[in-house]
Amino acid sequence: MVHELDALWVSDLTYIGTEEEWLYLANVMDTCSRRILGYEIGNTMEKKLFTSALGQAKATRSKVVLPRTIFHSVHGSQYASDDFRRDAEALSDGPIHGNGRRQF
């Protein structure tokens, strides 16, 4: 169990079936508060869906993410892409480590 805000953020992707098409919901949640910090919905699983959710999460906290904040995500190709890593590093003001598990 996590007892400190911003110690662990998790991200996931949800598929939402509609009568017309599939929609995709990417979200970022702080595990201490269980609050959704950022989300984005779209009709494709492009990388910007995930970087937008991460950017919203950082904006929600209105501060630089703690140096020890861990970001854990599903192991999708969007999270492992160079574009996502670059965007995440720009948001975190620091290096990103690991595959699927990123420490800000």
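Just above sits the structure.
Residues numbered from 1 in each chain as written. Predicted model: local features only at pLDDT ≥ 70, side-chain atom pairs only at ≥ 80, totals over all residues. Heavy atoms only, no water.

> Which residues make up unusual backbone geometry, and what values do they have?
Despite not being glycine, Asp6 shows a phi value in the positive range, around 65°. Within the secondary structure, Asp6 is located in the segment before β1 (8-17). Taking the relative accessible area as the measure of exposure, Asp6 reaches 3% and is therefore buried. Located in the positive-phi region is Arg34, a residue other than glycine, with phi close to 60°. (Helix = DSSP H or I, 4+ residues; strand = E, 2+ residues; numbered from the N terminus. Buried < 20%, exposed > 50% of the residue type's maximum accessible area, 1.4 Å probe, protein only.)

> Please provide a residue-by-residue account of the pattern of salt bridges, values included.
Within this structure, the stated rule accounts for three salt bridges. Put simply, Arg61 and Asp30 hold a salt bridge, and the shortest N to O gap is 3.5 Å. Of this pair, Arg61 sits in helix α1 (residues 47-61) while Asp30 sits in strand β2 (residues 22-30), and the two are 31 residues apart along the sequence. The closest approach of N and O atoms between Glu46 and Lys48, which form a salt bridge, is 3.8 Å. Salt bridges linked by common partners bring Asp6, Asp30 and Arg61 together as one network. (Salt bridge = Lys/Arg side-chain N within 4 Å of Asp/Glu carboxyl O.)

> Provide a residue-level description of the pairing of β1, including the pertinent values.
The sheet contact formed by β1 and strand β4 (residues 70-72) spans three bridges and is parallel. Note that in β4 the partner of Trp9 across the bridge is Phe71. Bridge analysis of β1 against β2 gives nine bridges, and the strand direction is antiparallel. Residue pairing for β2: Ser11 is matched across the bridge by Val28. Hairpin connection between β1 and β2: a loop of four residues separates the two successive antiparallel strands. (Pairing = 2+ DSSP bridges.)

> Could you give an account of the nonpolar core, naming the residues involved and the relevant values?
Residues Trp9, Val28, Leu49, Phe50, Leu54, Phe71 and Phe84 are the most contacted members of the largest nonpolar core, which totals 15 residues. Contributions of two or more residues to this core are made by β1, β2, α1 and α3 (82-92). In terms of residues, this core owes the most to one element, α1, which gives five residues. Setting aside chain neighbours within four positions, we find Phe50 in contact with Leu13, Ala26, Met45, Gln78, Tyr79 and Phe84. (Core = buried A, V, L, I, M, F, W, Y, C linked by side-chain atoms within 4.5 Å. Contact = heavy atoms within 4.5 Å.)

> Talk me through the packing of aromatic side chains; I want residue IDs and the actual numbers.
Here the structure, examined in full by the defined rule, presents two aromatic pairs. Measuring from centroid to centroid gives 6.4 Å for Tyr15 and Trp22, while their planes differ by 85°, and the two rings are edge-to-face. A residue is classified by how much of its surface remains accessible, and Tyr15, at 47% relative accessible area, is partly exposed. Between Tyr15 and Tyr24, the aromatic rings sit 5.3 Å apart at their centres with planes inclined by 75°, giving edge-to-face as the arrangement. Residue Tyr24 is classed as buried on the basis of its relative accessible area, which comes to 13%. (Phe/Tyr/Trp six-rings, centres within 6.5 Å; stacked < 30°, edge-to-face > 60°.)

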